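Inside the fold
Below are the chains, spelled out letter by letter.
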There are 2 protein chains.
Amino acid sequence: MYYIGIDLGGTGIKGGIVSENGDIILKKETKTPVEKGYEGVIQSIINLIHELVSEKNIDTKDIKSIGVGIPGVANKEGMVYYAHNLFWKDVPLGEMLRQEFKGIPVYVENDATVACVAEYVCGAMKNKENGVMLTLGTGVGGGIIINGKVFSGSNGLGSEIGHMVVGENFYNCNCGNNGCLETFSSATAIIKYAKKLIEDENKDTLIMEKVQNDINKIDAKVIIDSAKEGDYIGNKAVDRLVKYLAIGITNIMNIIDPDVICIGGGLSKSGDFLLNKINKEIEKYLLFKDLKYGQIVIATLGNDAGIIGSAMLGK
Amino acid sequence: MYYIGIDLGGTGIKGGIVSENGDIILKKETKTPVEKGYEGVIQSIINLIHELVSEKNIDTKDIKSIGVGIPGVANKEGMVYYAHNLFWKDVPLGEMLRQEFKGIPVYVENDATVACVAEYVCGAMKNKENGVMLTLGTGVGGGIIINGKVFSGSNGLGSEIGHMVVGENFYNCNCGNNGCLETFSSATAIIKYAKKLIEDENKDTLIMEKVQNDINKIDAKVIIDSAKEGDYIGNKAVDRLVKYLAIGITNIMNIIDPDVICIGGGLSKSGDFLLNKINKEIEKYLLFKDLKYGQIVIATLGNDAGIIGSAMLGK
């Protein structure tokens, strides 16, 4: 049997045929025609699935399930409540795919949850009973595995870990609240804070050198690279990101106490540099200092996590 | 079949024989001989169980399980890592009870988790698939039900919701961290904050009138009663407790998204007065304002929750 996984993003749709072990057998990609509305985007998903099936020369009855990872929130029936990048609200994605592919189960989940499933099936959280994924990118996404199964709450509104309030911040989150984890520990957050430091502290910094003094060119990589080279502003920005990330992770340990917490998303590319800092910082906050908590690991699947995880929703 | 439930506290041990519906058939109580060390306390538990069995005139083979709710943290085998009020560290409570009552399953859980189970089996969270309990007393305790079962994490260290960091506070928590929910929303926290307000603001307050101007006599009830009567300091203290409690509850909704969140413990006696304020405050923080989240309810079982919940751990 084969599993179809679709990674729906704001700019591209990636699709793949995946084995039951989580190996990608075939993958294809197309642009997301956001301007054509949800009908156009869903038609592109349908076309991509037909192309995959036809190119691999299999029958739709060999497909065990179709899964879609979305940049938004959906309920168990695959009704997408919101996907802001796509300008979607209340889009019956699951229902429309079920109509096209009659008899095949369809699953729709948030993209961070999908990445979580991928790491659980064949990545950094393999074979762990309880795991939590944090994707550190433009925002902070979350995914939760409990007792070996995806857990998104009673109404599909859980695992929004990026909106956990963990402190008080100098600017509000897009959601309207103050102190959300993603306002401290996302790429957007570290850029915002580094810019503030550069403006407030009036110090020479490698960051500005690396962007030829164009403050608008600062991205998270430049800040982290500067920190690695010992830059004061770079390190101050990274340390603040790590402080609140450690508080957020401690909160998760105090509530869910998983076997493993997996860090993914663009910022996770800084690997051990980030991981060592998190592990050192978290020591300060753990409730029972002499007891064993879950491990913190870096995601291993990279860009393929979206295809693998959405496919494995049906496993 | 009968279930034995033991509610182990710092001053008293309550024990009961409970039916499978959660009805208490017989209950007895004895003092906790803390001074005799853990062997003495566990002997008192054993004696209490024998007395219950003998008074009800049943056979130990009619007992389906023995459950104990403890003021501390234990692993799945019933090894108590910590119970600070009892001066316990690494006490093999589960093992010692299993040796005495051979063949009967023994369960040991934190007291807030036990209260959670009681409310789930026959109280305010009855028949809900996913539920979270918050006990607001000297500290803030937490209990979690996921997919109809107690969830305390991979290492038994989860559901410590009182130590979730939700902001920044003017004093540190006993655990050493700053900003734990229990430093904002416990009885201890509201007393501490009201005293600070009285000292800082130099205003007339009903609170001081009610305690005959003896600031050390202030308790949570006096503060809440004064707030109900329109007192400025009383309301300011209650509003701060509610603000951070609402943030904590929102965090739980964003992570676990349960069907129900149940408020228990001493402070829950203020009932609708507190509940209405929480519901009003939480509106500000919910991520998806037009979607349906779980309900917030007040616990219904009161002092019997410890016996019922510990008994029902074996159900």
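From a predicted model like this one, the values you see are computed outputs, not experimental measurements.

With that settled, consider the overall build of chain A. Across its full length, chain A holds ten helices and 13 strands. For 315 residues, the compact-globule estimate of 2.2 N^0.38 gives 20 Å, and the C-alpha radius of gyration of chain A, at 20 Å, lies within 12% of that figure. Over its C-alpha atoms, taken along the principal directions, chain A stretches across nearly 60 × 45 × 35 Å. The buried share among the 315 residues of chain A stands at 62%. Surface summary for chain A: the accessible area is close to 13,100 Å², and the carbon and sulfur share equals 45%. The distance from the centre of the 33 positive side-chain charges to the centre of the 39 negative ones in chain A is 1 Å.

Moving on, we get to the side chain of B:D257. Note on placement: B:D257 falls in the loop between α8 (232–255) and β12 (260–264). There is a polar contact of 3.1 Å between the side chain of B:D257 and the backbone nitrogen of A:G156. Those residues in contact with B:D257 that lie beyond four places of it in its chain are A:S152, A:G153, A:S154, A:N155, A:G156, A:L157, A:G158, B:I252 and B:Y293.

Take the relation of the copies chain B and chain A next. The two copies are related by a screw operation: chain B maps onto chain A through 180 degrees of rotation and 0.0 Å of translation along the axis, at an RMSD of 0.0 Å. Expressed as an axis order, the relation between the two copies is that of a two-fold axis. Of the C-alpha atoms belonging to chain B, the one lying closest to the rotation axis is found on B:G167, 2.0 Å away. When the interface residues of chain B are mapped onto chain A, 100% of them again fall at the interface, so both copies present the same face.

Further remarks concern the packing of aromatic side chains. Applying the stated rule across the entire model yields eight aromatic pairs over all chains. Aromatic side chains B:F184 and B:Y244 sit 3.8 Å apart centroid to centroid with 15 degrees between the ring planes, which places their arrangement in the stacked category. Taken together, the residues B:F184 in helix α4 (residues 182–185) and B:Y244 in helix α8 connect sequence positions 60 residues apart. When its relative accessible area of 7% is taken as the criterion, B:Y244 is described as buried. What links up through ring pairs into an aromatic cluster is the set A:F170, A:Y171 and A:Y193. It is A:K196 that lies over the ring of A:F170; its NZ or CZ is 4.9 Å from the centre. The side chain of B:R240 reaches across the aromatic face of B:Y193, ending 4.3 Å from its centre.

All names here are of chain B. For helix α10 (residues 305–312), the tally of buried residues reaches eight of eight residues, placing the bulk of the element in the interior. By the burial criterion, the buried members of α10 are A305, G306, I307, I308, G309, S310, A311 and M312. Elements in contact with the buried residues of α10: β1 (2–8), β2 (12–18), β3 (24–31), β4 (63–70) and α3 (111–122).

Next up on the list: the sheet that holds strand β8 (residues 106–110) of chain B. Residues and elements named next belong to chain B. Sheet architecture is open: five strands sit in the order β3-β2-β1-β4-β8, paired in mixed fashion. The open sheet has two edge strands, β3 and β8, and neither has a second partner. When the angles between neighbouring strand axes are averaged without regard to direction, this sheet yields 15 degrees. Where α3 meets the sheet, its contacts fall on β4 and β8, and the angle it forms with β8 comes to roughly 110 degrees.

Glancing now at the pairing of strand β7 (residues 88–91) of chain A. All names here are of chain A. One ladder, built from three bridges, connects strand β6 (residues 80–83) with β7; its direction is antiparallel. If you follow Y82 over to β7, its bridge partner there is K89. The hairpin turn running from β6 into β7, its antiparallel successor, is four residues long, and F87 in that turn takes a positive phi close to 60 degrees.

Residue and element names in this part refer to chain A. Splitting chain A by domain gives domain 1 (2–121 + 304–313) and domain 2 (128–299). On a C-alpha basis, the centroid separation for the pair domain 1 and domain 2 is 28 Å. With 14 residues of domain 1 at the contact, the number on the domain 2 side is 21 residues. For the pair domain 1 and domain 2, the two sides together bury roughly 1,200 Å², of which 65% comes from carbon and sulfur. Viewed at the interface, domain 2 and domain 1 are joined by zero salt bridges.

So, about the interface of chain B and chain A. A common way to express how large an interface is: the accessible area buried when the components associate. Across the boundary between the two partners, chain B contributes 46 residues, which contact 46 residues of chain A. When chain B packs against chain A, the two sides together hide about 3,800 Å² of surface, and 56% of this comes from carbon and sulfur. Sorting the residues of chain B by area buried against chain A places B:F151, B:L157 and B:I255 first, and these three jointly supply 17% of that buried surface. On inspection of chain B and its partner chain A, the count reaches two salt bridges. Put simply, B:D290 and A:K89 hold a salt bridge, and the shortest N to O gap is 3.2 Å. Those elements giving two or more residues to the side of chain B that touches chain A turn out to be β6 (80–83), β10 (140–146) and α8 of chain B. Per-element tally for the side of chain B that touches chain A: the top contributor is α8(B), with six residues.

What follows deals with unusual backbone geometry. With a phi angle near 50 degrees, A:Q212 is a residue other than glycine that sits in the positive phi range. Checked against the element boundaries, A:Q212 lands in the loop between α6 (206–210) and α7 (220–228). When its relative accessible area of 58% is taken as the criterion, A:Q212 is described as exposed. Even without a glycine there, the phi angle at B:N147 is positive, about 50 degrees.

Further remarks concern the pattern of salt bridges. For the structure on display, the rule yields 21 salt bridges over all chains. For A:D225, the salt bridge goes to A:K221, with nearest N and O atoms at 2.8 Å. Here the residue A:D225 and the residue A:K221 both occupy positions in helix α7, the gap between them amounting to four residues, near one helical turn. Taken together, the shared-partner salt bridges in this structure form one network comprising A:K89, A:D90 and B:D290.

Spatially, the three strands line up as an open sheet ordered β5-β6-β7 (chain B), and their pairing is antiparallel. In this open sheet, the two strands that pair with only one neighbour each are β5 (73–74) and β7 (88–91) of chain B.

What follows covers the packing of helix α5 (residues 187–201) of chain B against α8(B). Residue and element names in this part refer to chain B. In the contact formed by α5 and α8, the axes pass within 9 Å of each other and the chain directions differ by 135 degrees. What the angle tells us is that α5 and α8 run oblique. Between α5 and α8 lies a crossing of right-handed hand. Seen from α5, the contacting residues are I190, Y193, A194, L197, I198 and E201; seen from α8, they are Y232, I233, K236, A237, V238, R240 and L241. Of the residues assigned to the contact of α5 with α8, the class counts are ten nonpolar, no polar and three charged.

Calculation criteria
- By convention here, each chain's residues receive numbers from 1 onward along its written sequence.
- Numbering of ligands from 1 and lettering of chains from A proceed in the order in which they are written.
- Only residues with pLDDT of at least 70 get local features here, since the model is predicted, and only at 80 or more are side-chain atom pairs given and counted; chain-wide, interface and lining totals rely on the full set of residues.
- Hydrogens and water are ignored here; the side-chain numbers use all heavy atoms of the structure.
- Helical segments are the DSSP runs of H or I of at least four residues, strand segments are the runs of E of at least two, and each set is numbered from the N terminus.
- Within these notes, the globule rule equals 2.2 Å times the number of residues to the 0.38 power, and the radius of gyration is based on C-alpha atoms.
- Burial classes: relative accessible area under 20% of the type maximum marks a residue as buried, over 50% as exposed, and values in between as partly exposed (1.4 Å probe, protein chains only).
- Where accessible areas are quoted, they stem from the Shrake-Rupley method and a 1.4 Å probe; at the residue level, only the protein chains shown are allowed to cover.
- In this tally Asp and Glu are treated as negative and Lys and Arg as positive; neither His nor the chain ends contributes.
- Charged groups are reduced to one reference atom each: NZ for lysine, CZ for arginine, CG for aspartic acid, CD for glutamic acid.
- For the purposes of these results, a polar contact is taken to be a pair of N or O atoms within 3.5 Å, where, inside protein, one atom must be able to donate a hydrogen and its partner to accept one; residues adjacent in sequence count only when each atom of the pair is a side-chain atom.
- A contact between two residues is defined here by any heavy atoms of the two lying within 4.5 Å.
- All copies are superposed by least squares; the fitting set is the C-alpha atoms of residues with a pLDDT of at least 70 in both.
- Any Phe, Tyr or Trp ring, taking Trp's six-membered ring, that has another such ring centre within 6.5 Å forms a pair; planes under 30 degrees apart are called stacked, those over 60 apart edge-to-face, and the others tilted.
- Consider the ring centre and the ring normal. A charge sits over the ring if Lys NZ or Arg CZ is within 6 Å of that centre and within 35 degrees of that normal.
- Strand pairing is defined by DSSP finding a minimum of two bridges between the two strands.
- As a rule, the C-alpha atoms of each element are fitted with a line to give its axis, helices using only the stretch in contact, and angles between N-to-C directions run from 0 to 180 degrees.
- Each domain span listed reflects an automatic or database assignment of domains.
- Once two parts are put together, the accessible area they lose, assessed with a 1.4 Å probe and summed over both, is termed the buried area.
- By definition, a salt bridge exists where a carboxyl oxygen of Asp or Glu is found within 4 Å of a side-chain nitrogen of Lys or Arg.
- For this classification, under 35 degrees means roughly parallel, over 145 means roughly antiparallel, 65 to 115 means roughly perpendicular, and everything else is oblique.
- Should the near helix be turned anticlockwise from the far one by less than a right angle, the crossing is termed left-handed; should it be turned clockwise, right-handed.
- Three residue categories are used. Nonpolar comprises Ala, Val, Leu, Ile, Met, Phe, Trp, Tyr, Cys and Pro, charged comprises Asp, Glu, Lys and Arg, and polar comprises the others, including Gly.

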